[in-house]
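Okay, here's what each chain looks like letter by letter:
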Amino acid sequence: MKCPYCNNHKTRVIDTSHDQRGGTRRRRVCDKCKQRFSSYERPILATPMLVKQDGTREEFSREKLMAGIKVACAKRPVAATDIERIAGEVEAELQQLGKAEVPSKMAGDLVIKKLKDLDEVAYIRYATVYLGFDDLESIRKEIDRLLESR
């Protein structure tokens, strides 16, 4: 691996760790400038196509998913790492299904469940769009259900 500091091609791995999603983090040191840096490897698995309610198909986009979660979590005490973790977990769960196509509702349901556990306000924001709440009464009912489940 090329050193990001001096572009030398001779680097050594000094530590390796693995995460739950199958990724590998390697701590490296450059033989020339002695700078240390990390690299992250993640297996490339086929992510299924998402089938929308109208029957159209769309390629899964981790970036699009993260953008939606970020909007729901705006101005909330939710760390960027939590948003990335949720997107990664949803992507991994879809990949583990081993199917070429899955309903987009499945991805949305996974996000809803994870946001509900992470931040209730972000959950309500996401649910308002995802579940199609079109009036204040339906939002109020969902908030009441949330408060009852505490």
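Cut-offs used in this document
- Residues numbered from 1 in each chain as written.
- Predicted model: local features only at pLDDT ≥ 70, side-chain atom pairs only at ≥ 80, totals over all residues.
- Heavy atoms only, no water.
- 1 Å grid on protein atoms, 1.4 Å probe; cavity = no way out; pocket = protein on both sides within 12 Å on 5 of 7 lines; lining within 4 Å.
- Points joined across faces, edges and corners; volume = space filled by probe spheres on them.
- Helix = DSSP H or I, 4+ residues; strand = E, 2+ residues; numbered from the N terminus.
- Nonpolar A, V, L, I, M, F, W, Y, C, P; charged D, E, K, R; others polar.
- Core = buried A, V, L, I, M, F, W, Y, C linked by side-chain atoms within 4.5 Å.
- Buried < 20%, exposed > 50% of the residue type's maximum accessible area, 1.4 Å probe, protein only.
- Disulfide = S-S within 2.5 Å.

Please explain the layout of surface pockets as it appears in this structure.
Here the idea is plain: a probe the size of a water molecule rolls over the atoms and shows the empty space left. The calculated volume of the largest pocket comes to roughly 580 Å³. Of all the elements in the fold, those that place two or more residues in the lining of the largest pocket are β5 (57-59), α1 (62-72), α3 (104-118) and α4 (120-130). Residue composition of the lining of the largest pocket, grouped by class: 10 nonpolar, 5 polar and 6 charged.

What is the right way to look at the nonpolar core in this model?
Soluble globular proteins tend to pack their nonpolar side chains together in the buried interior. Ranked by size, the top nonpolar core spans 27 residues in total, and within it L65, I69, V90, L94 and L115 carry the most contacts. At the level of elements, α1, α2 (80-96), α3, α4 and α5 (136-148) are the ones that each hand at least two residues to this core.

Mind showing me how you'd approach the state of the cysteines here?
What makes a disulfide is a covalent bond joining the sulfur atoms belonging to two cysteines. One pass over the full model with this rule turns up 0 disulfides. Unpaired in terms of disulfides, C6 finds its nearest cysteine sulfur in C30, a separation of 3.5 Å. Overall, C6 belongs to the partly exposed group, its relative accessible area being 25%. The closest cysteine sulfur to the non-disulfide-bonded C33 is located on C30, 3.7 Å from its own sulfur. The exposure class assigned to C33 is partly exposed, which follows from its relative accessible area of 30%.

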